[in-house]
Amino acid sequence: MIALKKYKYETHMHTSQGSDCSSTSGAKMVERLYELGYAGCFITDHFFGGNTAVRGELAKLPWELRVRLFCQGYDDAKRRGDELGLKVFFGLEFGWRATEFLTYGIDMNFLISHPEIDNMPIQYFADLVHENGGFVVHAHPFREADYIDTIRLYPHRVDGVEIYNCNNRDEYNIRAKQYAESYGLPATGGSDSHHRWCHPNGGVYVDEKFETPFDYLAAMKDKSLTIAERDHSTDYDPGESAWANCVRPSLELLKE
Ligand SMILES: [Zn+2]
Ligand SMILES: [Zn+2]
């Protein structure tokens, strides 16, 4: 039994306002993390090249409006997190041809100022994020699924590798770990959670609180974090309400 470090952070999670595959609002996701004892989290909704909730008619809107809609999951999570005393950081999951980089240390203004990132090949996106002070983690690099046509690796462009994704089969995680080790890349883990009723309790444990996203990067680099493995023992049956009243991005909310 490993002695657990003091603070737990979720590094990879989705909200229904940002991600089409999520059923739970930012606020409700954060409430669940609070119940589960987390100190904080990074909201990493699927950006426009992935399974974004800014879709259909909304995808035809001007860039800045689309970005503001995309950020509603984070905004909602941050508001609730502030009330509860749970730290919420901004992030996103950038997808390009189903290769995905978790992106941290940038904000909504970065997205608004860079419309060229729409459909940008992922290696150039990583370069742009670095030029602007952010960092990227390769999410589930060895996942195999119908939506993934090939495995692309960018060992010299990523700041870290997600070697433990709670939504991955163990064999994919083991390969990710071998990959990170073979290049000496910093390693981390996350839940990739999408719903409040099946939160797998993943993420990382650390001894010092994260004051900024860069504290997370530092913990990855100096190997001071412990990766939390999946634990579905706190799951519950959501009943028929699972996808009912699912909160999606709202133009009305932008007018307020
Ligand atoms: Zn998803
Ligand atoms: Zn994800």
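Whatever comes next refers back to the structure up there.
Residues numbered from 1 in each chain as written. Chains lettered and ligands numbered in written order. Predicted model: local features only at pLDDT ≥ 70, side-chain atom pairs only at ≥ 80, totals over all residues.

(A) Up close: helix H7 (residues 213-221). Of the positions making up H7, those classed as buried are Pro213, Tyr216, Leu217, Ala219 and Met220. The buried residues of H7 all sit within an arc of 160 degrees when viewed along its axis, so they share a single face. Note on H7: the residue one or two positions beyond its end, Lys223, has a positive phi of about 60 degrees. (Buried ≥ 20, exposed ≤ 12 C-beta atoms within 10 Å, placed from the backbone. Helix = DSSP H or I, 4+ residues; strand = E, 2+ residues; numbered from the N terminus. Arc of directions from axis to C-beta.)

(B) Representation of the sheet that holds strand S3 (residues 87-96) in the model. Read from one edge to the other, the open sheet built from nine strands follows the order S7-S6-S5-S4-S3-S2-S1-S8-S9, with strand pairing classed as mixed. Each end of this open sheet is capped by a strand with a single partner; those strands are strand S7 (187-190) and strand S9 (226-228). Between one strand axis and the next, the sheet turns by 30 degrees as a mean value, whatever way the strands run. In this sheet, S3 lies alongside strand S2 (residues 40-46) in parallel orientation, the contact comprising seven bridges. Looking across to S3, one finds that Phe42 is bridged to Phe89. (Pairing = 2+ DSSP bridges. Axes fitted to C-alpha atoms, helices over the stretch in contact; angles between N-to-C directions.)

(C) Main features of the pairing of S2. The buried fraction of S2 amounts to seven of the seven residues, a majority that puts the element mostly inside the structure. Neither face of S2 is exposed, since Gly40, Phe42, Thr44 and His46 on one face and Cys41, Ile43 and Asp45 on the opposite face are all buried. Pairing between strand S1 (residues 7-10) and S2: two bridges, direction parallel. By the bridge assignment, Glu10 is partnered in S2 with Cys41.

(D) Geometry of unusual backbone geometry. With phi around 65 degrees, Asn119 is a residue other than glycine that occupies positive phi space. The residue Asn201 is not glycine, and still its phi comes out positive at about 60 degrees. Relative to the elements of secondary structure, Asn201 occurs in the loop between S7 and strand S8 (203-206). You can call Asn201 buried: it has 21 C-beta atoms within 10 Å.

(E) Expanded view of the environment of Val136. One can find Val136 in strand S5 (residues 135-138). As a C-alpha pair, Val136 and Gly190 span 54 residues in sequence and 14 Å in three-dimensional space. Ignoring any residue separated from it by four or fewer positions in sequence, one finds Val136 in contact with Phe101, Leu102, Thr103, Ala126, Val129, Val158 and Asp159. (Contact = placed C-beta atoms within 7 Å.)

(F) A look at the nonpolar core. One finds Val30, Cys41, Ile43, Phe101, Val136 and Val161 to be the most contacted residues of the largest nonpolar core, which totals 61 residues. When residues of this core are assigned to their parent elements, the largest contribution, six residues, is made by S3. Residue contacts for Phe101: discarding those within four places in its chain leaves Phe94, Ile122, Ala126, Val136, Val137, His138, Ala139 and Val158. (Core = buried A, V, L, I, M, F, W, Y, C linked by C-beta atoms within 7 Å.)

(G) Local environment of the packing of helix H1 (residues 26-35) against helix H3 (residues 72-84). Their axes nearest at 7 Å, the elements H1 and H3 cross at an angle of 40 degrees. On the basis of their axis angle, the class for H1 and H3 is oblique. Between H1 and H3 lies a crossing whose hand is right-handed. Residues Gly26, Ala27, Met29, Val30, Glu31 and Tyr34 of H1 lie in contact with H3, whose contacting residues are Gly73, Tyr74, Asp76, Ala77, Arg79, Arg80, Gly81 and Leu84. For the contact of H1 with H3, a count of residues per class yields seven nonpolar, three polar and four charged. (Parallel < 35°, antiparallel > 145°, perpendicular 65-115°, else oblique. Left-handed = near helix turned anticlockwise from the far one by under 90°. Nonpolar A, V, L, I, M, F, W, Y, C, P; charged D, E, K, R; others polar.)

Interpretation note: all reported values are geometric properties and have no functional meaning in isolation.
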